[in-house]
Structure formats: C-alpha cells, structure tokens
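Structural overview for review
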Amino acid sequence: MFVIKFRKYFLALGAIIAVASLLIIFTLNLNLGIDFTGGALTEVTYEEKPDKAELETTIDTLSLGGYSLRESVSDTGQAGYILRTRDLSEAERTTVASVLTSSGTNGTITRYTSIGPVIGEELKQKAKWAIVAVVIMIILYVAFAFRRVSYPLGSWVYGGITIVSLIHDVLVPTAMMSLLGYFMGVEIDVLFVMAILAILGYSVNDTIVIFDRVRENLDLYRQEKKRKIKIEGDIQRETIEYTLTKPFNEIVGMSVSQTMTRSLNTSGTTLIALIALYFVGGAAVANFALVLIVGIIAGTFSSICLANPLLTYIAERKLKKTE
Amino acid sequence: MTEKKTDNKTDRFLNLFKALVVIVAIAGLGFFIYNNSLKEGASSPFKLGLDLAGGSHLIYEADTSKIDPAEVKELMNTLRDVIEKRVNIFGVSEPIVQVEQGSFVSDANTQRLVVELPGVTDVSEAVAEIGKTPLLEFKLIDKQVVSSLTDSATSSELTAAFVDTGLTGRYLESASLEFSGAQGTLSNEPIVSIVFNNEGATLFEEITRDNVGENLAIFLDGEMISSPRINESISGGRAIISGGFTPEEAKSLATNLNFGALPVPIELASTQTIGASLGNEVLGKGVEAGMLGFILVVTFLLLWYRLPGAVAAVALVGYVVIMLALFLFIPVTLTAAGLAGFILSLGMAVDANVLVFERLKEEYKAGNDSLNSAREGFHRAWGAIRDGNITSLLSAIILFWFGTSIVKGFALVFGIGVIVSMFSALVITKTLLQALPVAKESDKTLLSRLYKSGL
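Residues numbered from 1 in each chain as written. Chains lettered and ligands numbered in written order. Predicted model: local features only at pLDDT ≥ 70, side-chain atom pairs only at ≥ 80, totals over all residues.

This next bit is on the packing of helix H9 (residues 248-280) of chain A against helix H10 (residues 336-365) of chain B. One can describe the packing of H9(A) onto H10(B) by two numbers: an axis separation of 9 Å at closest approach and a directional angle of 160 degrees. The orientation of H9(A) relative to H10(B) falls into the category roughly antiparallel. Taken as a pair, H9(A) and H10(B) cross one another with a handedness that is right-handed. Taken together, the residues of H10(B) that come into contact with H9(A) (itself represented by Thr261(A), Arg262(A), Asn265(A), Thr266(A), Thr269(A), Thr270(A), Ala273(A), Leu274(A) and Leu277(A)) are Ala340(B), Ile343(B), Leu346(B), Gly347(B), Met348(B), Val350(B), Asp351(B), Val354(B), Leu355(B) and Glu358(B). Residue classes in the contact of H9(A) with H10(B) are distributed as 10 nonpolar, 6 polar and 3 charged. (Axes fitted to C-alpha atoms, helices over the stretch in contact; angles between N-to-C directions. Helix = DSSP H or I, 4+ residues; strand = E, 2+ residues; numbered from the N terminus. Parallel < 35°, antiparallel > 145°, perpendicular 65-115°, else oblique. Left-handed = near helix turned anticlockwise from the far one by under 90°. Contact = placed C-beta atoms within 7 Å. Nonpolar A, V, L, I, M, F, W, Y, C, P; charged D, E, K, R; others polar.)

What follows is the structure, encoded as structure tokens:
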C-alpha cells in the first residue's frame, strides 16, 4: 500500500499543512463576526443604490464610532449595502435606518441584527465548551470501542491518533477562514462553529471506519499463545502472548486498501451534496458549505494518509524499543 | 430437499411481500406529505423559522439581581405572560415568547426573554409596543439616608435612599382612570386607581401598617412619580397613583397597566430582523440545493453500485420522506441552519449504504450468491456503522445542549437525521436487497453484473 510505503513523506506533508495552518491562524487571526463580538449589522437594498462615498459622509455625521460599509448583492439579486457598527441603541437604530433608506431610490432594510456584548461573549464561551466536550467524548468513545485491542498497540493509541488527525482537520478549514477573513472580510459566525463541530464528527467517523478494519484484520492474523508461569508461593499465573502472522505494516496497509473505496465514495457523495449547497444554496449558507467542503477533504486526507502512517510509525518505534 | 425448496419459495414470497410493504409505505407517506403540506394551499404546511419566513427576533435581559432566587422562575413566567399579552396586540400568527437562561458556563445566571414575531419586519414598532409595558414599583424612603443627602447626590446615592418593599406591578389586578375631584378636592386631577390581587392586598396592608408616618414612593419605569405619606394601615388593596398626569397620560397608563405590568425591569439585549423576501429566497435556494444534491448523489449511486445502488436510491427517498414526516409531526421549525443540517445528513445517510455495499461486493467476489453476500454485508458492516453513528449522535446531542436557537435547529435535524439514516439503511435497504433476484458472479449474466460496482 503506497500510503504505508511512503509514510514518512505523508507524515511530513501532514505536519507541514498543520504547522502552516497554525501560522496563518496566529499571524492573520480570525475575523470574528458580531455573533461573538457584539455589534449591529444593517442590510439595506435599493432599486438604485446611492454612491458609497456619499453615503459614508452622511453616516459619518451620526457619530457611530468605527463602522464598515460594504457593497452587497442580496439573495434576491438587489444591490445594496451592509453596514456594520457597534451595538446600537433603539434611537440610534431608527436614525441609521432612516439615513440609509432616504438615500438612493426605494431603500428598504432587509436585515437588521444587533447583538449585545454579553450575548456575544457567552456564545464564545459556549462554543469553546462545546468543542472541548466533543473532543473528550470522542477520546472516551474510541478508547472504549477499541478496548479489546491491545497488541501491538493499546487502545489509547488509536484514540490519540484519532484526535491528532481531528486537530489537523479542524486547523485546515479554520486557516482558510482566517485567509478569507483577512483578504475578503469574511466573518466567523455561529454557522462556522456548527460546521467545525460537524467536521469533528465526520473526521472521527472516517478514521474509525479504517481502524475498525484494522481491528478486524488484527483478529484474523493474530495467534494467541497461552503460557503458565509459576511465581512465588506456588501460584500459577497465565499469560497470553500474541504473535502476528503478518507484519503490522501490511495489516494496516491491507485495511486501508479495503476501506479506500468506501472512504472515497462516502466523502465523494457528501462533497457532491455540499458543492450543490455551496453553488445553489444562497449566500446565507455558502460559507458554511465551503468550511465543510474543505474540512471533509482534509478529513479524508488525514484519515487515509495521516492516521495510518502514524499508526505504523508508532508501532515500529515500539517494536524497535522492545527488541 | 423438496421441503427445503418450498421453504425457499415461501421465504422468497415473504421477502417480496415485505419489500412491497416497504415501498407502498414510502409511497403512501410521500403522497400524504405532498397532499397535506407541499401542495399549494395545503392544510398543514411546514413550520418555517424566522430566517426563512421573515420576522423579528428580540432578546430581552431581565434584571433579577434584587429578586429572591427561589422566586425568579415564577417571576419570569409572569413576565412571559405579560409580554405575551402585549405581543398578541399585534395579531401576529404564532408569536413565540419564551424564557431562556444564560448558560451555566458564563458567570452570571442571566434570565432572558426571547420574543419571536413572524412576519413583523418593522422592529421599531415591535420594540415600542413591548416597551409600553409599564414597570411599577412601590418603595419606602429611608429618611436617614435622605437627610444625609446633599444637593449634588449621585444617582446611586439616590437609589440607596429607597428601600424595595417587594410590592410591584406583578400583584396588580386592574387599573382605571379616575378624577380626584370626585373626592371633593378642588384640583379635579386625573389619577390612576389600581386594585391589587389578594396577595398584593395583604402585602400592601402589611407595608402600610408597619410604616405609618413614612412615605411610600411610587416608581413608574424607574422614575418616582409620587411619594404620599402613609397615614394609616390600608386594607382592601386599593391604591392611587397621582403625579400631575394629563388626562391622556393617565388614560394610557391605566390601559397599559391593565395589560399587565413588568414584574422585573427588562432591557433589550439583541435584535434581529429578516425581511420576508430575503427569507423566501433563502428557502427557495435551500430547497433547490437539496434537490440538486439529492439527484446528483442518486445518479452517482446508480452508476457506481448499479442494482444495489437503485435500492439505495429508494432507501434515500424513504429517508427524505420519513424526515419530512417527522418535521411535520414533532413538529420541527425549519431554519436555514436546519436545512443545512438536513442536506449534510443526506450525504451521511449514504455512508451506511456504501459501507454495506462494499462488504457485499467483497463477499460476492469471493463466490457467494447475492442474497448471502447481502446478509453477510450487513452483518460485517454493522460495527463500523454503529461506531460512526454513535459518535455523530453524541456530537448532535452536545450541539443541542450547546444551546442558542439557531444551533439547536441544526442539531435537532442532524440528530434525527442520524437515527433515520440508520433506520433507512438497516430496514429499507436490507428488506429491498433481500427481495432482489439471486445471482452469482460466476453466472456471467446481465443480472450478475448488476451486482458488481464501478463506473
């Protein structure tokens, strides 16, 4: 199996991707939207939209502090603007709305969101806790599901590797959002957190299916040898020794090939549905779909080209040590 | 041998019968949904969330810092009832007013009131209407503090001069406009006469009995409007609010008090409005994306897995129909996030089928006939299907617990999707596969090729 044969290159590639993603995230930061920071967003559409600079000079007189005005095309195809400001009071909101609608022709406010800083902060906390909870749950579940696998690697190794590839899968789409935020002003909203949590579940599922096959094949190519050892005090203790009738590397390689079609087909069909969502689903869910698309590609790569090379690599190190 | 053959025949007949039942059930359920909910002018259409139907979403934060924690829940329910009465003035269909607690992960246990007004896109009107709900409080004046106050007292020093009595608008029974002239004074001033309920009357009597000679300040929306001296214990639960009102002011105060007064002060924390045309557009595009995704996935399955692929296609139709039926019966309010969860779970519903078909193919290649391969395929794929679905389901549960309404919508649809996808693979796909004509790879017939896979 080529993935196992060239495992060092794949591991290096995975490490490079993860480190590069981390660098991007830390240097460019994440562009958090008002869902998390608090603030107000007003979307206005026009039959004929006013000049941007003109509108800006009018808004400047309102003393709203820093704001951003972006041109937008709504889902209905109408041109307009999106105005982002700090959290507005009811009186301020009314003034802003009247200023926006009185410029251009037939201006209407199509969307208005205002989120207080407390609610934003709380959402941030919730998002962190949800991600932590999912990760803990996954480690526990994988350790439990593989509890009978003990040779040559303990069940916690499988759990640990699942988490490593999961971190990779989350870093890649997050880095992409960081890039999009830096260059195109795309903001991170609640939907992004949902997409990340969905990726967590998906990534684990993808890795587990292959490990499940490894577990099954280990059973097939394992011989048990029971030995009775006498220890002090005339107590007999039974120990079981395992030997593999096929090298571990080959067993893993075999498992990867056997599950390859499934991995590709499942990822492929999920991607088809998501690509349809991205292109046809409208602006509201386009970024959500994009994060998932990137996350699922990363997940398929990591479960095939990272998790299994890592498994054989750790097994090799362990065997060398025992020798 | 002959007995075995008849057994096989009855088996075969039974399998075909079961498959027929499954297909008729899917078709029947599909027709039912179309007739009741999708057709134009359907009697019970799907419930659409604000982001799809358009409307306003308001979050109020309630200040419960001065309230006994044991009473908070009851007070919040009173608040909800009062606001609900207010909201009903709009004549909005199915407004939602609910109490929400801040999560346990944040420090303060904040109490919130969420108001959803489908169809109301003029948020200022909604905010103004809800804002009319008066906050009525009765406070005693601490004379010692008052006497120590200087002219330049800060507002916090001022509020310290008033002691909460616990008597608020929550104990209000009714209010009416009167003119003080009726009592024989000269001024003929418009006043608002209020009647407390039994609990409030007792409280009012206690307060007045214990504080004869003190001043009882009446606060409306946080501002003192009068502070009459208590001359004697007042029983019967009647009180008068006078504060130099014009007749119009007194009239609207009485009306507003009759709709109910706020038991606790509230403040608008978040507002969200979505125009109806935007919502419609999001819905239309979501449905379009879902249909396109579905057609593409089914096409792929047919091309790659051939006959079993056709079975998977029927199972997926069954999956969609069952999901839609559940949306109607539970009922689930559909949002953009919910639609996304549905489309995502559609992709994952395919996974169980793919896992089974891959195992089926292995067995089939090894020389088993198609029926036994199918049975063995299900048996072998079960471990992976179970592990994958359990992790997904646990994620969905955590997401649901995670909380805000938009996330809950996604998690609910996703979680239901995981369960239904298991059902569709294990019941629909299995039943249909077992009813298909049996073939072996070595037959080399057209049928035997239909069990193989690849483009």
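Attention now moves to the nonpolar core. Ranked by size, the top nonpolar core spans 199 residues in total, and within it Met194(A), Ala195(A), Leu277(A), Leu292(A) and Ala340(B) carry the most contacts. Among the elements that make up this core, the one with the highest residue count is helix H9 (residues 276-329) of chain B (20 residues). Once residues within four sequence positions are removed from consideration, Leu292(A) is found in contact with Ala195(A), Ala198(A), Ile199(A), Leu274(A) and Leu344(B). (Core = buried A, V, L, I, M, F, W, Y, C linked by C-beta atoms within 7 Å. Buried ≥ 20, exposed ≤ 12 C-beta atoms within 10 Å, placed from the backbone.)

Our next topic: the interface of chain A and chain B. Across the boundary between the two partners, chain A contributes 57 residues, which contact 60 residues of chain B. Listed by contribution, the elements that provide at least two residues to the side of chain A that touches chain B are helix H5 (90-102), strand S4 (108-115), helix H6 (117-145), helix H8 (190-220), H9 and helix H10 (283-305) of chain A. The greatest single-element share of the side of chain A that touches chain B, amounting to 14 residues, is contributed by H6(A). Residues of the side of chain A that touches chain B, tallied by class, amount to 32 nonpolar, 18 polar and 7 charged. Direction of pairing for S4(A) relative to strand S11 (residues 266-274) of chain B: antiparallel, over a ladder of 5 bridges. Across the sheet, Arg111(A) pairs through a bridge with Ile274(B), a residue of S11(B). (Pairing = 2+ DSSP bridges.)

Time to look at the domain arrangement of chain A. As assigned here, chain A comprises domain 1 (2-33 + 118-322) and domain 2 (40-115). For domain 1 of chain A versus domain 2 of chain A, the separation of C-alpha centres amounts to 44 Å. (Domains from an automatic or database assignment.)

Let's shift gears to the sheet that holds S4(A). The antiparallel open sheet is built from 8 strands, whose spatial order is S2(A)-S3(A)-S1(A)-S4(A)-S11(B)-S1(B)-S3(B)-S2(B). The open sheet has two free edges, formed respectively by strand S2 (68-73) of chain A together with strand S2 (96-101) of chain B, since each of these has just one partner strand. Geometrically, the sheet is characterised by an average inter-axis angle of 20 degrees between neighbouring strands, direction not taken into account. Here strand S1 (residues 55-62) of chain B pairs with S11(B) via 8 bridges, running antiparallel. If you follow Ala62(B) over to S11(B), its bridge partner there is Ile266(B). Against the sheet, helix H4 (residues 52-60) of chain A contacts S2 and strand S3 (79-85) of chain A, and its axis sits at roughly 140 degrees relative to S2(A).

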